[in-house]
Amino acid sequence: MHVPVDSSGLDVAALAASDAQVAVVTPAHQAPTGVVMPAARRHALVDWARDRDGFIVEDDYDSEFRYDREPVGVLQGLAPSRVFTIGTASKALAPAVRLGWVLAPLQFAGAVAAEKLISDRGSCVLDQLALAALLESGRYDQQLRRMRGVYSRRRARLIEALERHAPGVSLTGLAAGFHAVANLPDRVDERAVVAAAADAASGSTA
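## Describing the overall build of the protein
Per the secondary structure count, the protein includes six helices and eight strands. Of the regular secondary structure in the protein, the N- to C-terminal order runs β-β-α-β-α-β-β-β-α-α-α-β-β-α. Each principal axis of the C-alpha distribution contributes one length, and for the protein these read about 55 × 45 × 35 Å. Sorting the 206 residues of the protein into buried and exposed places 30% on the buried side. A separation of at least 24 residues holds for 64% of the contacts in the protein among residues at least 6 apart in sequence. Roughly 12,700 Å² of accessible area belongs to the protein as shown, and the carbon and sulfur atoms make up 57% of that amount. For the protein, the distance from the average position of its 22 positive side-chain charges to the average position of its 24 negative side-chain charges is 6 Å.

This is the structure in structure tokens:
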């Protein structure tokens, strides 16, 4: 089921009104709105999980790329027994590396590892050793800092281009990650804009 999202992320009151026992969230950079879940909402979500005897699946897909301040900590630190945090190295290194991780509550760690083994017979050992070497040497952190600079400059160019060519469009969700939301002016037909963009793209490739 879907739960509404507001300017602070998942609406915990609406979640509590449902019969759900598991919530899947992207608190560091909500997909697709891009809002960052503040501390009060994070604590409310954790309280919901404890009260409901439920669990939270936290997709931490791009929190390492925060541009206005240090990256936001994961929910797992607030409630290790209630939160499954999923992360990946694909954005910092490359999607082809195909390495990720799950921080699971201790009572479920064995079951998660067993399911992983059944699903794909495990990940490439050499890739895991290479990632471990990067982490231990500090080079992974160096790579993150370098890529934050790259993506921050791209973000600045996107903002500049829209200010120049589409001043009526406002951007939100820019604090982190790789996407932003372009909010069209009032009374603008979204479908007409999408159709015009598709026509322009097809004309440029014809």
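## With respect to the sheet that holds strand β5 (residues 83–88)
One open sheet accounts for four strands, arranged β3-β4-β5-β6; its pairing is mixed. In this open sheet, the two edge strands, each paired with only one partner strand, are β3 (22–25) and β6 (100–103). Sheet twist, expressed as the average angle between the axes of neighbouring strands with direction ignored, equals 15°. Sheet topology places β3 next to strand β4 (residues 55–59); four bridges connect them, and they run parallel. What sits directly across from valine 22, in β4, is phenylalanine 55. Contacts from helix α2 (residues 39–52) reach β3 and β4, with the element oriented near 140° to β4.

## Remarks on unusual backbone geometry
A cis amide bond, omega 10°, links alanine 31 with the succeeding residue proline 32. Phi angles above zero are rare outside glycine, and arginine 98 is one such case at about 55°. Relative to the helices and strands, arginine 98 is located in the loop between β5 and β6. With a relative accessible area of 70%, arginine 98 lands in the exposed category. Non-glycine residue arginine 187 carries a positive phi angle of around 70°. Structurally, arginine 187 can be placed in the loop between β8 (181–183) and α6 (190–205).

## Description of helix α4 (residues 125–137)
For α4, with 13 residues, the first-to-last C-alpha span of 18 Å sits near the 18 Å given by 1.5 Å per residue. At the C-terminal side of α4, glycine 138 shows a positive phi close to 90°.

## What about the pairing of β5?
Both faces of the sheet carry side chains from a regular strand, because those side chains alternate between them. When β4 meets β5, the two strands line up parallel, connected through four bridges. Bridging across to β5, isoleucine 56 finds its partner in valine 83. By the bridge criterion, four bridges tie β5 to β6 in an arrangement that is antiparallel. Among the inter-strand pairings, isoleucine 86 is bridged to a residue of β6, identified as valine 102.

## Concerning a positive patch on the surface
Taken together, the side chains of Arg146, Arg153, Arg154 and Arg157 define a basic patch exposed on the protein surface. By the element assignment, arginine 154 lies in helix α5 (residues 139–165).

## Observations regarding the environment of histidine 43
For histidine 43, the position within the fold is in helix α2. Counting along the chain gives 36 residues from histidine 43 to alanine 79, while the straight-line C-alpha distance between them is 9.4 Å.

## Notes on the environment of lysine 116
Checked against the element boundaries, lysine 116 lands in helix α3 (residues 106–120). Apart from the residues within four sequence positions on either side, lysine 116 is in contact with Arg121, Gly122 and Ser123. A distance of 2.6 Å separates polar atoms of two side chains, one belonging to lysine 116 and the other to aspartate 120.

## Observations regarding the side chain of aspartate 62
Its place among the elements puts aspartate 62 in the loop between β4 and β5. Here aspartate 62 occupies a buried position and makes no salt bridge, while the nearest side chain of opposite charge, lysine 91, is found at 6.6 Å. Once you skip the residues sitting within four places of it in the chain, aspartate 62 turns out to touch His29, Lys91, Gly177 and Phe178.

Definitions and limits used
Residues numbered from 1 in each chain as written. Predicted model: local features only at pLDDT ≥ 70, side-chain atom pairs only at ≥ 80, totals over all residues. Heavy atoms only, no water. Helix = DSSP H or I, 4+ residues; strand = E, 2+ residues; numbered from the N terminus. Buried < 20%, exposed > 50% of the residue type's maximum accessible area, 1.4 Å probe, protein only. Contact = heavy atoms within 4.5 Å. Areas by Shrake-Rupley, 256 points an atom, 1.4 Å probe, with all protein chains shown as cover. Lys, Arg positive; Asp, Glu negative; His and termini not counted. Charge placed at Lys NZ, Arg CZ, Asp CG, Glu CD. Pairing = 2+ DSSP bridges. Axes fitted to C-alpha atoms, helices over the stretch in contact; angles between N-to-C directions. Expected span 1.5 Å × (residues − 1). Patch = residues over 30% accessible without salt bridge, like charges linked within 9 Å, V, L, I, M, F, W, Y side chains within 5 Å. Salt bridge = Lys/Arg side-chain N within 4 Å of Asp/Glu carboxyl O. Polar contact = N/O pair within 3.5 Å; in protein donor to acceptor, adjacent residues only side chain to side chain.

Nothing here speaks to function; it is all geometry.
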